[in-house]
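Tertiary structure, described
Here is how the chains run, residue by residue.
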Amino acid sequence: MPEMPEVQGLVDFLAERAVGLTITRASVSAIAALKTFDPPVTALAGSQIDGAARHGKFVDLTLKSDTEPHLHLVFHLAKAGWLRWYDALPTTLIRPGKSPIALRIAFDDGSGFDLTEAGTKKSLAVYVVRYPADVPGIARLGPDPLDPSFTRDVFAALLEGRRTQIKGLLRDQAVIGGIGNAYSDEILHAARMSPYAPAGGLNEAEVTGLYDAMQSTLREAVAEASGKPPAELKDAKRRGMQVHARRGEPCPVCGDTVRSVFFADRSLEYCPTCQTGGKVLADRRLSRLLK
């Protein structure tokens, strides 16, 4: 799933490549992906891209036109979605239900992009709105962890009194916007913390260590994504992972074997030596440490 660093990389790319271009055509080929009807998607044609921004894991393209001066094309790539950019947009006809393409945007210079989604579980979401907050997922987002106002004390206040396991809290978009399964694994590994640690039970030193690990992990990943075209962002993410999706490989810090805990639709990865005092987590959702 694309998370904050990759989404920021997409936003930076679109800000450089698409701002100033005018949309000539917007074609929805997966109708379930379009979550809004007013304004209609046809209102995008003739609109100029005026800016690109990120809200959590949402991409927000600001549009201006003579008729609808304040439209936003917002999309969330979900678990298996991606943006494919073309300097010369293909002219082949998209067949609904026969292609992974959910949305195609054509620009006046002949370029454009597709939003695609692999697999059978379709969660990619596209919105055409007048205000970003009209998108429910944006309206309920927690603070951005890289915003200057998101200080260590703000983070500590979010944790206080919460009985949630820290892994789940980091992934909760209503608490902190932008962190998903992969980077929560990486942050916890950098902080040398168990994914099952209770969020409200951390001491002052642990809160500080976790906050610092969050900042350094995300800033390094954003820097790595910066300047890369969409086609290179996924590989850059994989190369930067220390434990996520590296089950069975040696931990780059201590050499122990990276382990996994599997859930219904995802897994988490961790290093027993670095994070759980050498103990292995049982492979079920509510397990405690094996004794």
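Structural data are supplied above this passage.
Presented here is a report on the structure given in the accompanying data block. Here the structure is a predicted model, which means the values were calculated and not measured.

Bridging between strand 9 (residues 259-262) and strand 10 (residues 267-270) involves 4 bridges; their strand directions are antiparallel. Its bridge partner lying in strand 10, Phe 262 is registered against Ser 267.

This paragraph deals with the side chain of Lys 237. For Lys 237, the position within the fold is in helix 7 (residues 230-240). Given the relative accessible area of 15%, Lys 237 is considered buried. Ignoring anything within four residues of it in the chain, the contact list for Lys 237 reads Met 1, Glu 3, Glu 6, Ala 182 and Tyr 183.

The next thing to look at is helix 6 (residues 204-225). Three- or four-residue spacings in an α-helix give side chains the same orientation, since the helix completes a turn every 3.6 residues. Between its first and last C-alpha atoms helix 6 spans 32 Å; for 22 residues at 1.5 Å apiece the expected length is 32 Å, and the two agree. Among all positions in helix 6, only Val 207, Leu 210, Tyr 211, Ala 213, Met 214, Gln 215, Thr 217, Leu 218, Ala 221, Val 222 and Ala 225 are buried. Check the buried side of helix 6 and you find it contacts helix 1 (4-17), helix 3 (152-159), helix 4 (166-171), helix 5 (181-191) and helix 7. Of the residues flanking the start of helix 6, the one acting as N-cap is Asn 203, its side-chain oxygen 3.1 Å from the backbone nitrogen of Ala 205. Gly 227 occupies a position one or two residues after helix 6 and carries a positive phi of about 85 degrees.

Time to look at the sheet that holds strand 6 (residues 101-107). An order of 1-6-7-5 is seen for the 4 strands of this open sheet, with the pairing classed as antiparallel. Each end of this open sheet is capped by a strand with a single partner; those strands are strand 1 (23-28) and strand 5 (81-86). Pairwise comparison of adjacent strand axes, ignoring direction, gives a mean angle of 15 degrees for this sheet. In this sheet, strand 7 (residues 112-117) lies alongside strand 5 in antiparallel orientation, the contact comprising 6 bridges. The residue bridging Tyr 86 from the neighbouring strand is Gly 112, located in strand 7. This element, helix 1, spans strand 5 and strand 7 of the sheet and lies at about 25 degrees to strand 5.

This part is about the sheet that holds strand 3 (residues 58-64). On the basis of which strands lie adjacent, the open sheet formed by 4 strands has the order 2-3-4-8 and antiparallel pairing. The two strands at the open ends of the sheet, each matched to only one other strand, are strand 2 (48-55) and strand 8 (125-129). With strand direction ignored, the average angle separating the axes of adjacent strands in the sheet is 20 degrees. Direction of pairing for strand 3 relative to strand 4 (residues 71-76): antiparallel, over a ladder of 6 bridges. Looking at the pairing, Thr 62 lines up with His 72 of strand 4. Sheet contacts for helix 1: strand 2, strand 3 and strand 4; angle to strand 2, the most-contacted strand, approximately 165 degrees.

The rules behind the values
- Residues numbered from 1 in each chain as written.
- Predicted model: local features only at pLDDT ≥ 70, side-chain atom pairs only at ≥ 80, totals over all residues.
- Heavy atoms only, no water.
- Pairing = 2+ DSSP bridges.
- Helix = DSSP H or I, 4+ residues; strand = E, 2+ residues; numbered from the N terminus.
- Buried < 20%, exposed > 50% of the residue type's maximum accessible area, 1.4 Å probe, protein only.
- Contact = heavy atoms within 4.5 Å.
- Expected span 1.5 Å × (residues − 1).
- Polar contact = N/O pair within 3.5 Å; in protein donor to acceptor, adjacent residues only side chain to side chain.
- Axes fitted to C-alpha atoms, helices over the stretch in contact; angles between N-to-C directions.

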